[in-house]
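# Summary of the model geometry
These are the residues of each chain, in order.
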Amino acid sequence: MTKEKWGQLRQRLLKTVGQNNYTNWIEPIEFRAADDGIATFDVPTNFLGNYVNQNYADLILHELKAEDPTVRRLRFAVPTPVGATAGSSAHAPRQPKPAAAPSPVKPATNGNLSTAPLDARFTFDTFVVGKPNELAHAAARRVAEGGPVTFNPLFLYGGVGLGKTHLMHAIAHELRLRRPEMNVLYLSAEQFMYRFVQALRDRKMMDFKEIFRSVDVLMVDDVQFIAGKDSTQEEFFHTFNALVDQNKQIIISADRAPGEIKDLEDRVKSRLQCGLVVDLHPTDYELRLGILQSKVELQRINYPGLEVEAGVLEFLAHRISTNVRVLEGALTRLFAFASLVGREINMELTQDCLSDVLRASERKITVEEIQRKVSDHYNIRLSDMIGPKRLRSYARPRQVAMYLCKKMTSRSLPEIGRRFGGRDHTTVMHGVKRIEELKIQDGQIAEDLELLRRALEE
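Residues numbered from 1 in each chain as written. Predicted model: local features only at pLDDT ≥ 70, side-chain atom pairs only at ≥ 80, totals over all residues. Heavy atoms only, no water.

## A look at the sheet that holds strand S7 (residues 249–254)
Overall, parallel pairing links the five strands, which are arranged S5-S6-S7-S4-S8 in an open sheet. Looking at strand neighbours, the two that pair on one side only are strand S5 (184–188) and strand S8 (276–279), the edges of this open sheet. Each strand of the sheet is rotated relative to its neighbour by a mean of 15 degrees, with strand direction disregarded. Relative to S7, strand S6 (residues 217–221) runs parallel, the two sharing four bridges. Counterpart to valine 217 in the pairing with S7 is glutamine 249. Against the sheet, helix H6 (residues 164–178) contacts strand S4 (154–157), S5, S6 and S7, and its axis sits at roughly 160 degrees relative to S6. Strands in contact with helix H7 (residues 189–201) are S5 and S6; relative to S5, the strand with the most contacts, it is inclined by about 95 degrees. (Pairing = 2+ DSSP bridges. Helix = DSSP H or I, 4+ residues; strand = E, 2+ residues; numbered from the N terminus. Axes fitted to C-alpha atoms, helices over the stretch in contact; angles between N-to-C directions. Contact = heavy atoms within 4.5 Å.)

## Some details on the packing of helix H1 (residues 3–17) against helix H4 (residues 57–67)
Where H1 contacts H4, the axes come no closer than 10 Å and their chain directions differ by 135 degrees. With respect to each other, H1 and H4 are oriented oblique. Note on packing geometry: the crossing formed by H1 with H4 is right-handed. Contacts between H1 and H4 involve Lys5, Trp6, Leu9, Arg12, Leu13, Thr16 and Val17 from the former and Leu59, Ile60, Glu63, Leu64 and Glu67 from the latter. Across the contact of H1 with H4, the residue classes tally to seven nonpolar, one polar and four charged. (Parallel < 35°, antiparallel > 145°, perpendicular 65-115°, else oblique. Left-handed = near helix turned anticlockwise from the far one by under 90°. Nonpolar A, V, L, I, M, F, W, Y, C, P; charged D, E, K, R; others polar.)

## As for the nonpolar core
Counting 30 residues, the largest nonpolar core has Phe155, Leu218, Val220, Val223, Phe236, Ile252 and Leu272 as its most contacted members. Listed by contribution, the elements that provide at least two residues to this core are S4, S5, H7, helix H8 (205–212), S6, helix H9 (230–245), S7 and helix H10 (266–272). Examining the composition of this core, we find that five residues originate from one element, H9, more than from any other. Other than its neighbours up to four places away in sequence, phenylalanine 236 contacts Phe192, Val220, Val223, Ile226, Ile252, Val268 and Leu272. (Core = buried A, V, L, I, M, F, W, Y, C linked by side-chain atoms within 4.5 Å. Buried < 20%, exposed > 50% of the residue type's maximum accessible area, 1.4 Å probe, protein only.)

## Side note on the sheet that holds strand S2 (residues 38–42)
The strand order across the open sheet formed by three strands is S1-S2-S3, and the pairing between neighbours is mixed. The outermost strands of the open sheet, each flanked by one partner alone, are strand S1 (30–35) and strand S3 (73–77). For this sheet, the mean angle separating the axes of adjacent strands, direction not counted, is 25 degrees. Note that S1 and S2 share five bridges and pair antiparallel.

## Brief notes about the side chain of arginine 423
Position of arginine 423 among the secondary structure elements: in the loop between helix H19 (413–419) and helix H20 (425–441). There is no salt bridge for the buried arginine 423, and the closest opposite charge comes from aspartate 384, which lies 10 Å off by N-O distance. Reaching out from arginine 423, the side chain makes a polar contact with the backbone oxygen of phenylalanine 420 at a distance of 2.7 Å. Ignoring any residue separated from it by four or fewer positions in sequence, one finds arginine 423 in contact with Ile386, Gly387, Pro388, Arg398, Met402, Gly417 and Arg418. (Lys, Arg positive; Asp, Glu negative; His and termini not counted. Salt bridge = Lys/Arg side-chain N within 4 Å of Asp/Glu carboxyl O. Polar contact = N/O pair within 3.5 Å; in protein donor to acceptor, adjacent residues only side chain to side chain.)

## A closer look at the confidence of the model for the chain
The pLDDT averaged across the chain works out to 83; a share of 91% of its residues lies at or above 70. Counting interchain partners and residues more than four positions distant, the pLDDT-below-50 stretch residues 82–112 has 41 contacts. (pLDDT = per-residue confidence, 0-100.)

## Quick notes on unusual backbone geometry
At the junction of asparagine 152 and proline 153, the peptide bond is cis and its omega measures out at 5 degrees in the coordinates. Along the polypeptide, proline 153 turns up in the loop between helix H5 (134–144) and S4. Of note, aspartate 222 is a non-glycine position whose phi angle comes to about 55 degrees, a positive value. As for its placement among the helices and strands, aspartate 222 is situated in the loop between S6 and H9.

Here it is, written out as structure tokens:
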């Protein structure tokens, strides 16, 4: 295997992974040597090496074996800097810091322009990663290393409470720790506009331009706020161009993709789309459960004696699916309420304390929707599932639908029974109990339930 062969192989990888993934993850790695069945690659950072190893190693190894069948595995390493001792590393693991409030990111030194306050809770350590936010997290970590990045700007977008601001703050915190000499400016689009208007009013536009163009990293949150504000967009566009021309990093967040922001000038949209645009998808069940588990550990610092009954977190992760902030707020309220009344956090207390939140979150899931999804999943007619037939091919899906109605709606057992062809509430109870048993014994039933739950929560 030679470097020339690696160059040819990279072109094949480009066709497989696409231009964006290739530019961000494959292009920065360089083939060093192949020895004793191990192909070694130089990578700019440990993080990039770890990401490539986790996501592209099998693909690279497959392509390498086509050129050199002796290659058995890959190794990714950061080259040792000139003058470093053999045992040292340019990227030694950093020990986690105590959870004290980090001081603000270093303000711009050229003028009186400080960064917006950063939330001490919003760090990479407290960000729970799952499939919906995996790419956004990886891109944010890459930028937070402070080295050269192949995408500029990084544009993060998604709905309310999905983690955009958390990642923005985490990047700023990490840059301050890794590269304290860098001039990092974090502010909201509203603050950008306010300072622009203030500079116009005070006739200090040259100072404003000089200050904003002196930063090493510009981070602007909620950029959709400047849509429709022509003068602010004009200045933002020129600031953006000036920083990109100087190879300074820009990180932007918004609630929608650049092309979907109404009243945003086409040239601004085009500029925002020229880097890496990453969508933070709505959370799935596993991610919500992981977030709840991490928040429970934090709540136990304030409420050390409180216990959470088994099943409560799973229940909340299923029922509150639209917004992570609502989920966290519900848990905070639950702990405070349980502490005040001196009770354990069990299902009864959870449903009493969070009745309004649960009602609001379950409006989108109806008995009828569950029945349709289940009948489609098992490829049977809805009328057969609801009707009187007792064949197992109809009875089991019927019990699955009853179980999901019990778990995902607030309907009573008699009401669920009425929706299933006027059946008695004891029939519903039996169906729910049977599915709970089968969920443990039968892997297929458990998989069906999870697939259906995800489909209903989308």
